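Each chain, letter by letter, is given below.
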Amino acid sequence: ATRITLVGVSAGGMGAVYNWWHVQQAFKDIRVDVINDSGAAMPSPYLRDEVVNKWQNAWDLKKGLPPGCTECQTHLDALVTWSAKQMPKNRGAFLSYTTDTAIPYFFDISDEEFRMGLDALAAQRLEGLPGVRYYFYEGTGHVLMPFPKLEQNGVRLWDWIPAMVHDDPSWKSV
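In this report, the structure presented in the accompanying data block is examined. All of these numbers come straight from a predicted model, not from anything done at the bench.

**Let's talk about unusual backbone geometry**
For step 1, the next point in the chain: Going from Ser44 to Pro45, the amide bond is cis rather than trans, its omega being 5°.
For step 2, the next point in the chain: Tracing the sequence through the fold places Pro45 in the loop between strand E2 (31-37) and helix H2 (49-59).
For step 3, the next point in the chain: Backbone geometry at Asp108 places phi at a positive 60°, although glycine is not the residue there.
For step 4, the next point in the chain: Tracing the chain through its elements places Asp108 in the loop between helix H5 (103-107) and helix H6 (111-126).
For step 5, the next point in the chain: Judged by its relative accessible area of 56%, Asp108 is exposed.
For step 6, the next point in the chain: Even without glycine at this site, Asn153 takes up a positive phi of about 50°.

**Observations regarding the environment of Val51**
For step 1, the next point in the chain: In this fold, Val51 is placed in helix H2.
For step 2, the next point in the chain: Its relative accessible area of 8% is what places Val51 among the buried residues.
For step 3, the next point in the chain: It is 6.5 Å that separates the C-alpha atoms of Val51 and Phe107, two residues lying 56 residues apart in sequence.
For step 4, the next point in the chain: Leaving out residues up to four positions away in the same chain, Val51 has contacts with Phe106 and Phe107.

**Some remarks on the state of the cysteines**
For step 1, the next point in the chain: Counting across every chain of the model gives 1 disulfide.
For step 2, the next point in the chain: Between the sulfur of Cys69 and that of Cys72 lies a disulfide, 1.8 Å long from S to S. The disulfide joining Cys69 to Cys72 has a torsion of about 70° about its S-S bond and is therefore right-handed. As far as burial versus exposure is concerned, Cys69 and Cys72 are alike and both buried.

**Thoughts on helix H4 (residues 78-86)**
For step 1, the next point in the chain: Counting buried residues along H4, 7 of its 9 residues qualify, which places the element largely inside the surrounding structure.
For step 2, the next point in the chain: Taken as a whole, H4 has its buried residues at Ala78, Leu79, Val80, Thr81, Trp82, Ser83 and Ala84.

Definitions and limits used
Residues numbered from 1 in each chain as written. Predicted model: local features only at pLDDT ≥ 70, side-chain atom pairs only at ≥ 80, totals over all residues. Heavy atoms only, no water. Helix = DSSP H or I, 4+ residues; strand = E, 2+ residues; numbered from the N terminus. Buried < 20%, exposed > 50% of the residue type's maximum accessible area, 1.4 Å probe, protein only. Contact = heavy atoms within 4.5 Å. Disulfide = S-S within 2.5 Å.

Have a look at this one:
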């Protein structure tokens, strides 16, 4: 392999980000990128401690967190920031509907809280990171990649993803 792209959809998107650093460690000098479609871990208060604790108890999440990411122990959204800073030449793409039809249920938040959580994730974790961008589609649904004609602000999703993969310098958050 000369390059690896982890892709996760829904809860698998969270898993892809959770394993991004681990896969990079396993493949050493081979660049590992990640695409998270509709599974973003949000900052507090949108991803509540009781939800994180439930996940921790079910899957022992702390055991697999990177040893250098102390903030990740209490804030799963910190994993994005930490990973991107550890791997500044890698790329990370985060996709979501602004009104997701599944994730708010699992986070035990309202649709409005979900939208605010996406905005907070972008502002607090994604903006300014090297190689990390987001595509938030103004609409209702869950999982964007199966819909090649989705377009937001004049940018088609199925043009945006190849721009990420091909290191296009015009690749920007939408």
